[in-house]
Every structure is written in C-alpha cells, then in structure tokens.
Amino acid sequence: MQPKSIRVPDFRDRKRRGEKIAMLTAYDATMARLLDLAGVDALLVGDSLGMVVLGYENTIPVTLDDIIHHAKAVARGAERALVVADMPFLTYQIDHAEALRNARRLLQEGHAAAVKLEGGRSIIDVVKRLVDVGVPVMGHLGLLPQSVHQVGGFLRQATRPEDADRLVADAHALEEAGAFAIVLEAVPPAVARSATVHVGIPTIGIGAGPDCDGQILVCNDVLGLFDRFVPPFVKQYAQLADVVVSAGRAYVDDVRAGRYPTPTRETAGTQTTT
Ligand code: KIV
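Residues numbered from 1 in each chain as written. Predicted model: local features only at pLDDT ≥ 70, side-chain atom pairs only at ≥ 80, totals over all residues. Heavy atoms only, no water.

The next thing to look at is the pairing of strand 2 (residues 42–45). Because side chains alternate across strand 2, one face comprises the buried residues A42 and L44, and the other comprises L43 and V45, equally buried. Relative to strand 2, strand 1 (residues 21–25) is paired through three bridges, and the arrangement is parallel. Each bridged residue has a counterpart across the sheet, and for M23 the counterpart in strand 2 is A42. Where the polypeptide runs from strand 1 across helix 2 (residues 29–37) and back to strand 2, its parallel neighbour, the crossover connection is right-handed. Two strands pair when backbone bridges link them, and strand 2 and strand 3 (residues 82–86) are joined in this way by four bridges, in the parallel orientation. In the strand pairing of strand 3, A42 is matched with L82. (Buried < 20%, exposed > 50% of the residue type's maximum accessible area, 1.4 Å probe, protein only. Helix = DSSP H or I, 4+ residues; strand = E, 2+ residues; numbered from the N terminus. Pairing = 2+ DSSP bridges. Right-handed = clockwise from strand over helix to strand, strands pointing away.)

Structure (structure tokens):
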C-alpha cells in the first residue's frame, strides 16, 4: 500500500504525538524520488541550491526563477513528501503585493505546497498576509543565510541570553501569525529546546541539537557530495563524492584504453536514458 502523503496539518499532529519529522533539501527530480522512497517527510527546495548546485559562495544570487525551476523538478519526483520552497533574498520584503505574487509563482508554477521565509517579527506582517490568503509558511530563525553580509559570515546565533529571548519571542510571533513550522539554524541546543517547548508548532533543527521536533540537513552534505565544506553538525551517511570521482576515473581509463564500449553484436539493444 502506498504510504499517505504528508500534508501541512500533519506537522502539528506529529508534534502533538511526539513523532519526529525528518526533512532534507532536494533540488532535482531523481534525488527527490530517491529521498521520497527513503521515507523523508518533507523536501525543502532551499536556496542552499545556490551553493551546492549552482556554485555560488552564498545564497544571495539565487533568484525566484532558479527556485521555481528546481521546485518543479522536485515536485515531479516526490510522491509522499511535502515540498517546501524557499523564498529567495528580497522576494518577500519589498511589499506584500510582490510577496504574494512571488509565493503564487512558487505554488502555481513550482508546484510547492508551502514556502519558507527567513526572519521573525521583522517579517511578521507578510507572514500573516501569506497565511491569510492560504499560503502555508514555514519560518526560519537563528542563522539566516540571506543576512550573511550583515552578520559577517555563517555564524552561530542566539549565544547571548538577550538574543535567546529574542529568538523565543520571534518563534511565538511566527506561530501567532500562522506559520506551520519553524526551522532553527545554528543556535545552542538549550535555546532550541526552549523555543520548542514554548510553541505549539514543530521546530525543525539544523545544528540546533537533538530536542527540536524534527531535523533538516542539506542532502548533498548528508550524502557526502558537497566536498568544499562540511558543517561540524553534519552526519555524513555516505561518501558519494569519492564514489563519483572513482567511477568517473574508471570510465575515463576505460575509454582511453578502448575497454569501453565492449564490442557487441549489431543486434544488441541500444536503449539509453535519453
Ligand atoms: O536553504 C536551505 O537549504 C535551508 C536549510 C539549510 C534549512 O534553508
């Protein structure tokens, strides 16, 4: 029997039942299909796309069209997992009309079921507006990669007591505005725990300790595919970068030595994936 698809209201039910939520990012249909088969609950088409797929230094250059293009692919690959799309840098802060237009494109053209926005009380009005018109919103607090220039790097957040209090207040505000979940990135485990017990919607941690209601990681990190930098909190469940390099090297050696293709009879099948 096909397992039931994950819907936005399931997030809150999971928290109520104490069932952890497992999220990963995905950027293409093949990876989405495989991670969906693995039972991942939700796939985020994150603007980390810029760093792990498009080769940028940070997430700032990622455009709405980039996310739509990749969200379409992920939505085609995922059957059970909820597909969430990031709203890129400055696509939701300029005015509400533009935020609504951009969210509309992510849901209608990208086929995402929900959007994710970075920030707390500073963006609360736009979160309310999106939720009011039926766009499910996932919040994102702590390290906000879209503020990398302002903060001066990808630095751990909420390490001072006053910042921790601010984060918990932001989490409350997001819940009141109607967000259905909140990503907590790179904050001390005690701060993540405090936010988690103070809100009724699930917290999804990344580098935020074990007490969040769920976890999210970048799929390329989990699979050992992104070899430029491995964040300290990442657990690599595979070393695919090594597999790709050695498979690529074996192919190059075979072609150069005339071992591939092997001689076949003229009648042999010629079907390819293209
Ligand atoms: O863009 C992204 O991949 C993210 C996750 C790291 C939470 O925002």
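What follows picks up the thread again.
A few words now on the sheet that holds strand 2. If you trace the eight strands once around the closed barrel, you get 1-2-3-4-5-6-7-8, paired in parallel fashion. When the angles between neighbouring strand axes are averaged without regard to direction, this sheet yields 25°. With respect to the sheet, helix 8 (residues 161–177) is in contact with strand 5 (137–142) and strand 6 (181–185), its orientation differing from that of strand 5 by roughly 175°. (Axes fitted to C-alpha atoms, helices over the stretch in contact; angles between N-to-C directions. Contact = heavy atoms within 4.5 Å.)

The next thing to look at is the site of the ligand. The local shell around the ligand consists of T25, L44, G46, D47, S48, D86, K116, H140, V183 and I206. Within the side chain of D86, an N or O atom sits 3.1 Å from an oxygen atom of the ligand. Residue K116 places a side-chain N or O atom 2.9 Å away from an oxygen atom belonging to the ligand. One can see that the ligand is located within the largest pocket. In terms of residue class, the shell around the ligand is built from three nonpolar, four polar and three charged. (Near = heavy atom within 4 Å. Polar contact = N/O pair within 3.5 Å; in protein donor to acceptor, adjacent residues only side chain to side chain. 1 Å grid on protein atoms, 1.4 Å probe; cavity = no way out; pocket = protein on both sides within 12 Å on 5 of 7 lines; lining within 4 Å. Sits in = over half its atoms within 2 Å of the grid points. Nonpolar A, V, L, I, M, F, W, Y, C, P; charged D, E, K, R; others polar.)

Before going further, it helps to spend a moment on a nonpolar patch on the surface. Where nonpolar side chains cluster on the molecular surface, the patch consists of Y251, V252, V255 and Y260 and spans about 390 Å² of accessible area. Owing to a relative accessible area of 49%, Y260 belongs among the partly exposed residues under this scheme. (Patch = residues over 30% accessible without salt bridge, like charges linked within 9 Å, V, L, I, M, F, W, Y side chains within 5 Å. Areas by Shrake-Rupley, 256 points an atom, 1.4 Å probe, with all protein chains shown as cover. Salt bridge = Lys/Arg side-chain N within 4 Å of Asp/Glu carboxyl O.)

Given a rise of 1.5 Å per residue, 18 residues ought to cover 26 Å, and the 25 Å separating the end C-alpha atoms of helix 11 (residues 240–257) matches this to within 8%. Note on helix 11: the residue one or two positions beyond its end, G258, has a positive phi of about 75°. (Expected span 1.5 Å × (residues − 1).)

Here we come to unusual backbone geometry. Between Y260 and P261 the backbone carries a cis peptide bond, its omega angle lying at -5°. Take P261: it is sitting in the segment after helix 11. Phi is positive for L90, close to 55°, though the residue is something other than glycine. Along the chain, L90 turns up in the loop between strand 3 and helix 5 (96–108). Relative accessible area serves as the criterion here: at 39%, L90 is assigned to the partly exposed category. Backbone geometry at A158 places phi at a positive 55°, although glycine is not the residue there.

As a further point, take the side chain of D221. Topologically, D221 is positioned in helix 10 (residues 219–222). Beyond its immediate stretch of four places on either side in the chain, D221 contacts F226, F229, P231, V234 and Q236.

This paragraph deals with the packing of helix 4 (residues 64–77) against helix 5. Following both chains from N to C, one finds helix 4 and helix 5 inclined at 20°, their axes separated by 9 Å at the closest point. Between helix 4 and helix 5, the crossing angle belongs to the class labelled roughly parallel. Crossing of helix 4 against helix 5: the hand is right-handed. Residues L64, D65, I67 and I68 of helix 4 touch helix 5, and the partners they reach there are N102, R105 and L106. Grouping the amino acids of the contact of helix 4 with helix 5 by side-chain chemistry returns four nonpolar, one polar and two charged. (Parallel < 35°, antiparallel > 145°, perpendicular 65-115°, else oblique. Left-handed = near helix turned anticlockwise from the far one by under 90°.)

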